[in-house]
Amino acid sequence: MNIPAELKYSTDHEWVRVEANVATIGITDFAQGELGDVVFVELPEVGSDADKDEPLGTVEAVKTVADLLAPISGKVIEINEGLNDQPEVVNSDPYGEGWMVKIEISDIDELDSLMDAAAYQEHIG
Amino acid sequence: MNELKQTPFYEFHTGFNAKMVDFAGYLMPVSYKGINFEHQIVREKLGVFDVSHMGEFFIEGGGAEAFLQNLTINDVSALEDGQAQYSAMCYENGGIVDDLLIYRFSKDKFMMVVNASNIDKDFSWAQTHLLPNVKLTNRSDEFALLAIQGPNSRELLQKLTNVKLQEIGFYHFAEGELAGKSMIISRTGYTGELGFELYHSPKDSKDLWQALFDFGAEMGLEPIGLAARDTLRLEMKYCLYGNDIDETTNPLEAGLGWITKLDKGNFIGRNALLQVKNNKVSRKLIGFRMLERAIPRHGCSVYVNGEKAGIVTSGTHSPTLKEAIGLAYVPASHSKAGMELSIEIRGKQFLAKIVKTPFVNSSPY
């Protein structure tokens, strides 16, 4: 199981990479493994608001579907358009090409509620 | 909560890193390397499925045929020795108890293969309709079952047996040795591809699996999980009990008129089904394709002209077509290919179109 040390994690299996006041988010290696082959990802519109723990989009796999929840609040400033044509990169490269949304963070303190890699490892058991 | 049962192949599944799930009380592999990969390998080459959870009943004695003729909806008298038949059991009201296969070994020996989740229900239903001179036994624990499916399946199996597989026609079977073990070699399956199912003793399971991979690995043989089994059968519009058919649906509306032999004589459910036929079926199970990006799932509502008019029974993203497909019950008056539907998925309505089935052009013949 790949759990990069430099990322933050939500209990709902989103990862967050923080650079300045921008959070890039996606779903974890564990999450993509549980979902199976991802066939499309519905993402929010650029400019829309993200509210922590509220649905931001959906990740559809062949057998099942999961909400993408916002791990942090803010404004959506970019989405990964590449997932339209190649949703399978969510499976093959969940922390890289498979990123989903970039959010301009509105409340930096919310980051404290996220887990580090060790805590996430424990969370998924 | 009962302990989950394991099939004799459990260690092979975990050895292949399968994701295991509880299915009908059995710990079964849902996928190994990924649904799309597994699906495609069966359509293009060959794959092996552990379906040991299926139930096997034996029906023996002078009254066996008469018993099955009353219990099931297809015409058992049409079977010859070495032939299998797709059929179903119905309640008096025409609802479906289960769909199943019947194998005829001789005029007084048959095997019935039923869905794992229905073994107990089916056995007690059959027992309550027992006739004199019939011995009914549940031998599910005496059989393990592997399905080898795909265009190259016969080529692989022929390396392991002297039985002339080319001579076993679709829905026929032979008893013989394969990989040195005696078994029932059945030209049946649930994928729409050329394929065989091997009913064998659980004590031979490990050797059989090993032999299949010893000879099959170089041909690209892969283990296939229940998830791909579902997408493969759905592309062919093969019904899944508990999803597309159950005690609230009858075989005529489910598109199973071809196995419902109303003129074979009396059988359980016949009167109700005759009535359904005379009044014309009010709803039909149809296949549809999504015209917008959303995947329908079991239980989604179907709307016609703004009115709720039906329900989705199965839905998935078709690995072959690369688009979302599904099965739904819709009013018979709105069931023709080309007609549009709206499917409510996660609170929103999406357009879909009724299409001819099967969804893909595979053929197991």
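Computed from a predicted structure; not experimentally measured. Per-chain numbering applies: the sequence of each chain, read as written, is numbered from 1 onward. Each chain takes a letter, starting from A, and each ligand takes a number, starting from 1, following the order in which they are written. Whole-chain, interface and lining totals are the exception, using all residues; otherwise, since this is a predicted model, local features are given only for residues with pLDDT of at least 70 and side-chain atom pairs are given and counted only at 80 or more. Water and hydrogen atoms play no part in the side-chain values, which are based on all heavy atoms of the structure.

*Asks:* Residue-level account of the overall build of chain A, with values.
*Replies:* Within chain A, the regular secondary structure consists of four helices and nine strands. Each of the three principal axes of chain A carries a C-alpha extent, and together these read 35 × 35 × 20 Å. In this analysis, two residues are considered to be in contact whenever any of their non-hydrogen atoms come within 4.5 Å of each other. Of all intrachain contacts in chain A linking residues separated by at least 6 positions in sequence, the fraction that spans at least 24 positions is 61%. Accessible surface, chain A: about 5700 Å² in total, of which carbon and sulfur atoms supply 44%. Under the convention used here, Asp and Glu are negative, Lys and Arg are positive, and both His and the chain ends fall outside the count. Each charge is placed at NZ for Lys, CZ for Arg, CG for Asp and CD for Glu. For chain A, the centre of its 6 positive side-chain charges and the centre of its 28 negative side-chain charges are spaced 2 Å apart. Helix numbering and strand numbering both begin at the N terminus, where a helix is a DSSP run of H or I of at least 4 residues and a strand a DSSP run of E of at least 2. Note on areas: these come from Shrake-Rupley sampling with a 1.4 Å probe, and a residue is covered only by the protein chains present in the view.

*Asks:* So what's going on with the interface of chain A and chain B? Which residues, and what values?
*Replies:* Opposite the 17 residues of chain A that make contact, chain B presents 16 residues. We define buried area as the total accessible area lost by two parts upon association, computed with a 1.4 Å probe and summed across both. Of the roughly 1400 Å² buried between chain A and chain B on both sides combined, carbon and sulfur atoms contribute 46%. Taken as a group, A:Phe40, A:Val62 and A:Lys63 account for 43% of the area that chain A buries against chain B, more than any other trio of residues on that side. By definition, a salt bridge exists where a carboxyl oxygen of Asp or Glu is found within 4 Å of a side-chain nitrogen of Lys or Arg. Put simply, chain A and chain B have four salt bridges between them.

*Asks:* Describe helix α4 (residues 119-128) of chain B, with residues and values.
*Replies:* Residues and elements named next belong to chain B. The buried label goes to any residue with under 20% of its type's maximum accessible area, the exposed label to any with over 50%, and the partly exposed label to all in between, with areas taken from a 1.4 Å probe on protein chains only. Of the positions making up α4, those classed as buried are Ile-119, Asp-122, Phe-123, Trp-125 and Ala-126. What you see down the axis of α4 is that its buried residues fit within an arc of 165°, all on one side. Exposed and facing more than 90 degrees away from the buried side of α4 are Asp-120 and Thr-128. At its buried positions, α4 is contacted by β5 (55-60), α3 (64-71), β6 (83-90), β7 (96-106), β8 (109-114) and β9 (135-138). The directions considered for the arc are those from the helix axis to the C-beta atoms.

*Asks:* Account for the pairing of β6(B), naming residues and giving values.
*Replies:* Residues and elements named next belong to chain B. Counting buried positions along β6 gives eight out of eight residues, so the element sits mostly inside the fold. Neither face of β6 is exposed, since Gln-83, Gln-85, Ser-87 and Met-89 on one face and Ala-84, Tyr-86, Ala-88 and Cys-90 on the opposite face are all buried. For two strands to count as paired, DSSP must find a minimum of two bridges between them. Relative to β7, β6 runs antiparallel, the two sharing eight bridges. When the sheet's bridge partners are listed, Ala-84 is paired in β7 with Tyr-103. Here β6 folds back onto β7 in antiparallel fashion, the turn holding five residues, of which Gly-94 has a positive phi close to 90°.

*Asks:* Kindly report on the packing of aromatic side chains, identifying the contributing residues and their values.
*Replies:* Residues and elements named next belong to chain B. Here is the rule: rings of Phe, Tyr and Trp (six-membered ring for Trp) pair when centre to centre is within 6.5 Å. Planes less than 30 degrees apart are stacked, more than 60 are edge-to-face, and the remainder are tilted. On inspection of all chains with the given rule, the structure shows 19 aromatic pairs over all chains. Relative to Tyr-171, the ring of Phe-170 has its centre 5.0 Å away and its plane inclined at 75°; by these criteria the two rings are edge-to-face. You can call Tyr-171 buried: its relative accessible area is 17%. Three or more aromatic residues joined by ring pairs form one cluster here, namely Phe-9, Phe-12, Phe-16, Tyr-32, Trp-209 and Phe-213. The rule is short: NZ of Lys or CZ of Arg within 6 Å of the ring centre and within 35 degrees of the ring normal puts a charge over the ring. The ring of Phe-58 has Arg-139 lying over it, and the distance from NZ or CZ to the ring centre is 4.3 Å. If you follow Arg-283 out to its NZ or CZ, it ends over the ring of Tyr-329, 4.3 Å from the centre.

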